[in-house]
Amino acid sequence: MTKPLTKDDYTPGGVTLHHDPDRLRRVTRALRAAGRNIALVPTMGALHEGHRKLIREAHVLQNTVVVVSIFVNPTQFGPNEDFERYPRTLEADVEVCREERVGLVFAPGVEDMYPAGGQVTVAPGPLGEQLEGATRPGHFAGVLTVVAKLLNIVQPNYALFGEKDYQQLTLIRRMVRDLNLPVDVVGVPTVREADGLALSSRNRYLSEDERAAATALSAALVAGAHVSGQGADAVLKAARDTLAAVPEVDLDYLELRAPDLGPAPENGDGRLLVAARVGTTRLIDNAPVLLGAGDE
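Residues numbered from 1 in each chain as written. Predicted model: local features only at pLDDT ≥ 70, side-chain atom pairs only at ≥ 80, totals over all residues. Heavy atoms only, no water.

### Concerning the sheet that holds strand β7 (residues 249–257)
Overall, antiparallel pairing links the three strands, which are arranged β7-β8-β9 in an open sheet. Either end of the sheet is taken by a strand with one partner, and the two such strands are β7 and β9 (281–291). Within this sheet the neighbouring strands show an average axis-to-axis angle of 15°, counted without direction. Across 11 bridges, strand β8 (residues 268–278) lies against β9 in antiparallel orientation. Bridged to Arg271 within β9 is Pro288. (Pairing = 2+ DSSP bridges. Helix = DSSP H or I, 4+ residues; strand = E, 2+ residues; numbered from the N terminus. Axes fitted to C-alpha atoms, helices over the stretch in contact; angles between N-to-C directions.)

Here it is as structure tokens:
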């Protein structure tokens with residue numbers, strides 16, 4: 001029998017902060033039993049307008065209580081990455097959630113998420129070793145493992161992820177399909193600054209000059225999409241030339257793939273993906289392209 005919820009579990013019209021996985025699972029189970037849908041927005045905190053967009057899209061879904069998880073997941077960071085300095089702004093994040101009418105915030109500690117040290121993980125398969133995975137070994141095993149744990153804890157009807165992390169979104173969809181997980185994964189288009197820079201919590205690491213240089217990533221995607229009717233070679237050349245004109249951008253990869261990140265088709269939908277370092281900050285971006293649609 002489901003225990004009735006108290007105001008410390010969930011308060012309609014307010015935001016309730018939870019740290020304990022078992023208690024949060026009990027709350028969401030009770031809400032589903034009462035006929036509500038649960039929409040999960042997984043984040044690592046340092047919430048910005050991109051996260052707000054995810055939350056707002058979650059509210060569009062019918063009859064939902066929105067749950068935002070805030071957890072800087074150590075297993076998706078490599079030994080030389082920015083886990084220790086990654087921004088942690090829980091108080092400000094909860095205030096953002098309050099402004100966006102989030103019902104529940106889940107902010108567990110590392111010991112809550114990995115009580116046994118995290119010995120069992122989710123293998124991402126071959127795609128997990130490409131693109132981001134080639135540069136960041138083990139990254140996607142960490143991502144998929146923590147997402148699987150969050151889905152099991154929250155048991156949402158919907159989970160929303162931004163398209164900025166397009167490979168991550170693709171792998172999460174594949175995991176949900178392959179493991180028969182009972183959740184609808186919703187992708188939300190990338191939110192950008194007025195100058196085109198994709199919103200990211202890591203943008204705060206950039207100096208003023210580095211931030212100006214970083215707009216070359218989105219400019220390269222626009223340049224590639226502009227000539228997409230001329231084929232894949234033209235797309236890649238236009239994007240690469242745009243990046244080469246900004247020496248502050250240290251390119252990691254620029255690739256054109258199919259929407260599922262398989263080989264790019266000669267005609268039809270494709271995805272142009274880029275990763276680069278600007279100063280010490282690593283940034284990623286991507287955009288859809290329509291190949292072979294005629295000269296732009």
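### So, the pairing of β8
With respect to burial, β8 is a largely interior element, eight of its 11 residues being buried. Pairing between β7 and β8: eight bridges, direction antiparallel. Paired with Glu255 across the bridge in β8 is Leu273. Here β8 folds back onto β9 in antiparallel fashion, the turn holding two residues, of which Gly279 has a positive phi close to 65°. (Buried < 20%, exposed > 50% of the residue type's maximum accessible area, 1.4 Å probe, protein only.)

### Here we look at the packing of aromatic side chains
One pass over the full model with this rule turns up three aromatic pairs. With 6.4 Å between their ring centres and 40° between their planes, Phe71 and Tyr114 make a pair best called tilted. Placement of the pair is Phe71 in the loop between β3 (64–70) and α3 (90–99) and Tyr114 in the loop between α4 (110–113) and α5 (132–135), with a sequence separation of 43 residues. The same class applies to Phe71 as to Tyr114, namely buried. Ring plane angle 75° and centroid distance 5.9 Å describe the contact between Phe77 and Tyr86, whose orientation is recorded as edge-to-face. Per residue, the accessibility class of Phe77 equals that of Tyr86, and both read buried. (Phe/Tyr/Trp six-rings, centres within 6.5 Å; stacked < 30°, edge-to-face > 60°.)

### Regarding the environment of Ala244
Structurally, Ala244 is set in helix α9 (residues 232–244). Between the alpha carbons of Ala244 and Leu5 there is a distance of 58 Å; along the sequence they are 239 residues apart.

### A few points about the UniProt feature "binding site: beta-alanine" (unreviewed entry) in the chain
The positions that UniProt labels "binding site: beta-alanine" (unreviewed entry) are, in the present scheme, Gln76. Mapping Gln76 onto the fold places it in the loop between β3 and α3. Leaving out residues up to four positions away in the same chain, Gln76 has contacts with Met44, Glu81, Arg136, His139, Gly142, Val143 and Val146. Reaching out from Gln76, the side chain makes a polar contact with the side chain of Asn73 at a distance of 3.0 Å. (UniProt positions renumbered as here; feature names shortened; annotations may be inferred. Contact = heavy atoms within 4.5 Å. Polar contact = N/O pair within 3.5 Å; in protein donor to acceptor, adjacent residues only side chain to side chain.)

### Structural notes on the packing of helix α6 (residues 139–154) against helix α7 (residues 166–178)
Where α6 meets α7, the closest approach of the two axes is 10 Å, and the angle between their N-to-C directions is 55°. Relative to α7, α6 is oriented oblique. Of the two possible hands of crossing, α6 and α7 adopt the one that is right-handed. Here Phe140, Val143, Leu144, Val147, Ala148 and Leu151 of α6 lie close against α7, whose contacting residues are Gln167, Gln168, Leu171, Ile172, Met175 and Val176. Its residues assigned to classes, the contact of α6 with α7 comprises 10 nonpolar, two polar and no charged. (Parallel < 35°, antiparallel > 145°, perpendicular 65-115°, else oblique. Left-handed = near helix turned anticlockwise from the far one by under 90°. Nonpolar A, V, L, I, M, F, W, Y, C, P; charged D, E, K, R; others polar.)

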